[in-house]
Amino acid sequence: MRLGIVGLPNVGKSTLFNAITKAGAAVANYAFCTIEPNVGVVAVPDSRLDALAEMYNPEKITPATIEFVDIAGLVRGASKGEGLGNKFLANIREVDAIVHVVRCFDDEDVMHVDGQTDPTRDIETINLELILSDMEYMDRRIDKAKKLLKGGDKKHKAEVDFYERLASHLADGKPARTLQIEEEEITYCKDLFLLTFKPVLYAANINENDLGSSDSEYVKTVRGIAEAEHSEVVIISAKIEEEISMLDDDEKQLFLQDLGLDESGLDKIIHAGYSLLGLMSYLTAGPAEVRAWTIEKGTKAPQAAGKIHSDFERGFIRAEVVSFDDLMSSKTYAAAREKGLVRSEGKEYIMQDGDVVLFRFNV
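For the structure given in this document, a descriptive report is provided here. Here the structure is a predicted model, which is why all the values come from computation and not from measurement. Within any chain, residue numbers begin from 1 and follow the written order of that chain's sequence. For this predicted model, a pLDDT threshold of at least 70 governs which residues receive local features, and a threshold of 80 or more governs which side-chain atom pairs are given and counted, while totals over whole chains, interfaces and linings are taken from all residues. The basis for every side-chain value is the complete set of non-hydrogen atoms in the structure, without hydrogens or water.

1. Digging into the environment of Cys189
Logical step 1: Numbering of helices and strands runs from the N terminus; a helix is a DSSP stretch of H or I covering at least four residues, while a strand is a stretch of E covering at least two. Within the fold, Cys189 resides in helix 6 (residues 186-189).
Logical step 2: Among residues more than four places away in sequence, those in contact with Cys189 are Phe162, Ile181 and Phe197. Only heavy atoms matter for contacts: two residues are in contact if any of them lie within 4.5 Å across the pair.

2. What to know about the sheet that holds strand 5 (residues 97-103)
Logical step 1: Pairing is mixed across the open sheet formed by 6 strands, whose spatial order is 2-4-1-5-6-7. Of all the strands in the sheet, just strand 2 (38-43) and strand 7 (232-236) have a single pairing partner and so form its edges. Across the sheet, the mean angle from the axis of one strand to that of its neighbour is 25°, orientation sign disregarded.
Logical step 2: Criterion used throughout: strands pair if DSSP finds at least two bridges between them. Judged from the 6 bridges that link them, strand 2 and strand 4 (residues 65-70) form a sheet pairing that is antiparallel. Bridge pairing in strand 4 places Gly40 opposite Phe68.
Logical step 3: Here the axes come from fitting lines to C-alpha atoms, over the contacting stretch only for helices, and the angles between their N-to-C directions go from 0 to 180 degrees. Relative to the sheet, helix 7 (residues 217-228) contacts strand 5, strand 6 (200-205) and strand 7, its axis offset from that of strand 7 by approximately 160°.

3. Quick word on the packing of helix 4 (residues 119-150) against helix 7
Logical step 1: Between helix 4 and helix 7, the least distance of the axes is 9 Å, while the angle of their chain directions is 40°. Taken as axis vectors, helix 4 and helix 7 run oblique relative to one another. Across the interface between the two elements, Pro119, Thr120 and Ile123 from helix 4 touch Tyr218, Thr221, Val222 and Ile225 from helix 7.
Logical step 2: Grouping the amino acids of the contact of helix 4 with helix 7 by side-chain chemistry returns 5 nonpolar, 2 polar and no charged. Here the word oblique covers every angle except those under 35 degrees (roughly parallel), over 145 (roughly antiparallel) and from 65 to 115 (roughly perpendicular). When residues are grouped by polarity, Ala, Val, Leu, Ile, Met, Phe, Trp, Tyr, Cys and Pro land in nonpolar, Asp, Glu, Lys and Arg in charged, and all others, Gly among them, in polar.

4. With respect to helix 10 (residues 265-277)
Logical step 1: Helix span is expected to be 1.5 Å times the residue number reduced by one. The end-to-end C-alpha separation of helix 10 is 18 Å, in line with the 18 Å expected for 13 residues at 1.5 Å each.
Logical step 2: For helix 10, the set of buried residues is Gly265, Leu266, Asp267, Ile269, Ile270, Ala272, Gly273 and Tyr274.
Logical step 3: With its phi angle positive at about 65°, Gly278 sits one or two positions after the end of helix 10. The buried label goes to any residue with under 20% of its type's maximum accessible area, the exposed label to any with over 50%, and the partly exposed label to all in between, with areas taken from a 1.4 Å probe on protein chains only.

5. Here's the deal with the pattern of salt bridges
Logical step 1: Salt-bridge detection follows one rule: a side-chain nitrogen of Lys or Arg within 4 Å of a carboxyl oxygen of Asp or Glu. If you walk through the whole model with that rule in mind, you get 21 salt bridges.
Logical step 2: Here Asp134 ties to Arg93 by a salt bridge, and the two come within 4.0 Å at their closest N and O atoms. In this pair, Asp134 is assigned in helix 4 and Arg93 in helix 3 (residues 85-93), connecting sequence segments 41 residues apart.
Logical step 3: A relative accessible area of 29% means that Arg93 is categorised as partly exposed.
Logical step 4: Between Glu217 and Lys220 there is a salt bridge, with its nearest N and O atoms 3.5 Å apart.

6. Notes on the nonpolar core
Looking at soluble globular proteins, one finds that nonpolar side chains tend to be buried together.
Logical step 1: By size, the foremost hydrophobic cluster in this structure holds 65 residues, and its most contacted members are Ile66, Phe68, Ile92, Val99, Ile269 and Leu327.
Logical step 2: Each nonpolar core is a collection of buried residues, namely Ala, Val, Leu, Ile, Met, Phe, Trp, Tyr and Cys, held together in the definition by side-chain atoms within 4.5 Å. Ranked by size, the runner-up nonpolar core spans 17 residues in total, among them Met138, Ala145, Val160 and Leu194.

7. Description of the side chain of Asp355
Logical step 1: Here Asp355 is to be found in strand 12 (residues 355-361).
Logical step 2: Salt bridges are absent for the buried Asp355, whose nearest opposite-charge side chain, Arg343, sits at 4.3 Å.
Logical step 3: Side-chain atoms alone can form a polar contact between residues adjacent in sequence; in general such a contact is a pair of N or O atoms within 3.5 Å, and within protein one must be able to donate a hydrogen while the other accepts it. A polar contact of 2.8 Å, which involves the side chain of Asp355, links it to the side chain of Tyr349.
Logical step 4: Those residues within four positions of Asp355 in sequence are excluded, and the remaining contacts are Tyr282, Leu283, Val321, Val322, Ser323, Arg343 and Tyr349. Under the convention used here, Asp and Glu are negative, Lys and Arg are positive, and both His and the chain ends fall outside the count.

8. Here we look at the side chain of Asn127
Logical step 1: Relative to the helices and strands, Asn127 is located in helix 4.
Logical step 2: For Asn127, a relative accessible area of 12% translates into the label buried.
Logical step 3: If we skip the residues at most four places from it in the chain, Asn127 touches His100, Arg177, Tyr202 and Glu229.

9. Some words on helix 1 (residues 13-21)
Logical step 1: Among the 9 residues of helix 1, 9 are classified as buried, and the element is accordingly described as predominantly covered.
Logical step 2: Looking at helix 1, one finds that the buried residues are Lys13, Ser14, Thr15, Leu16, Phe17, Asn18, Ala19, Ile20 and Thr21.
Logical step 3: Just downstream of helix 1, Lys22 is the residue with a positive phi angle, here 55°.

10. A short note on the packing of aromatic side chains
Logical step 1: Two rings belonging to Phe, Tyr or Trp (six-membered ring only in the last case) form a pair when the distance between their centres is within 6.5 Å. Interplanar angles under 30 degrees mark stacking, angles over 60 mark edge-to-face geometry, and anything in between is tilted. Under the criterion given, the structure shown has 6 aromatic pairs.
Logical step 2: Consider the rings of Phe162 and Tyr163, whose centres lie 6.2 Å apart with planes at 50°: the pair is tilted. When sorted by exposure, Phe162 lands in the same class as Tyr163, which is buried.
Logical step 3: For the pair Tyr282 and Phe359, a centre-to-centre distance of 5.8 Å together with 90° between the ring planes defines the contact as edge-to-face. In this pair, Tyr282 is assigned in strand 8 (residues 279-285) and Phe359 in strand 12, connecting sequence segments 77 residues apart. Across the pair, exposure class does not vary: Tyr282 and Phe359 are buried alike.
Logical step 4: Whether a charge sits over a ring depends on NZ of Lys or CZ of Arg being within 6 Å of the ring centre and within 35 degrees of the ring normal. One Lys or Arg, Arg291, reaches over the ring of Trp293 and ends 4.0 Å from the middle of that ring.

11. Things to note about unusual backbone geometry
Logical step 1: Phi angles above zero are rare outside glycine, and Asn10 is one such case at about 65°.
Logical step 2: Inspection of the secondary structure puts Asn10 in the loop between strand 1 (2-6) and helix 1.
Logical step 3: Assessed through its relative accessible area of 13%, Asn10 is described here as buried.
Logical step 4: In the Ramachandran plot, Lys331 falls in the positive-phi region, its phi being about 75° despite a non-glycine side chain.
Logical step 5: Along the polypeptide, Lys331 turns up in the loop between helix 13 (324-330) and helix 14 (333-338).
Logical step 6: For Lys331, a relative accessible area of 63% gives the class exposed.

Okay, structure coming up:
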């Protein structure tokens, strides 16, 4: 999973990126301190791996990972090349989903590119630049489809109609992801690389002193915008995340408890990201390695096996599956098998989150 962190300059993007990746992106109180998109890979926290490791004492533990891309601050006019806009819009096309960091705090010591905090304006600025870029893209696609239609290929009539409806939706200032798409139109979307088709997670960046408090008016505004476009919101404090990133696991847990928090902002972003993209994890376990594998919900056993190696999918015979909870309650794999909790599943089996699997294959 590849998440792109976007937002206006000085909203906390690079501070958040530093905190969740410990990758050391440049942070400064001025615009465009991030010139190239910084990329960091982070492990997905999964307590199930620790429990399986206690059971199997493996040589190594391999968690699932998420790639975060810190994309420099966009400004008004980015779609026309203002700031370093075109370059960064291209970076956004390469991610699976967008983490849109929105400033929800006042601080005279941290300049705002537009003078003062206003989440509605800030979100509209970013969304408008993405929409304008998509409109240019759709103009080219419509021209291409119309040329094919003029050539006598009538099958492109429905395609042109859909493209024009989508272009009109964008022209109304609405992101492509909010368009009601009919089942027969889905095929036309598969090769449309629109920025505003990407799912968005709004990260409301609040002052560290406001963590655990009721939503401010700024946060309520972000929630309202997200709800209207069926997006999600997480509340984070980039500064607190930076402090958490410097602690070891035990200290981190105590720090979170002192703040009255169940999980860090990173955990919130990961969980929301998985939900946005319809992802889950299955597990493999043995003396050599305990590992989590990320797949889409609804994936069948052979395709899940293919995540490990293409030979596993090609020569798939069956999957021996036990749920994580059943395995833990049985204490050992052998005990779970004796209780009949280890199932033999075939090619049509749809994987479930937390399945502990041994794939049988023959190539």
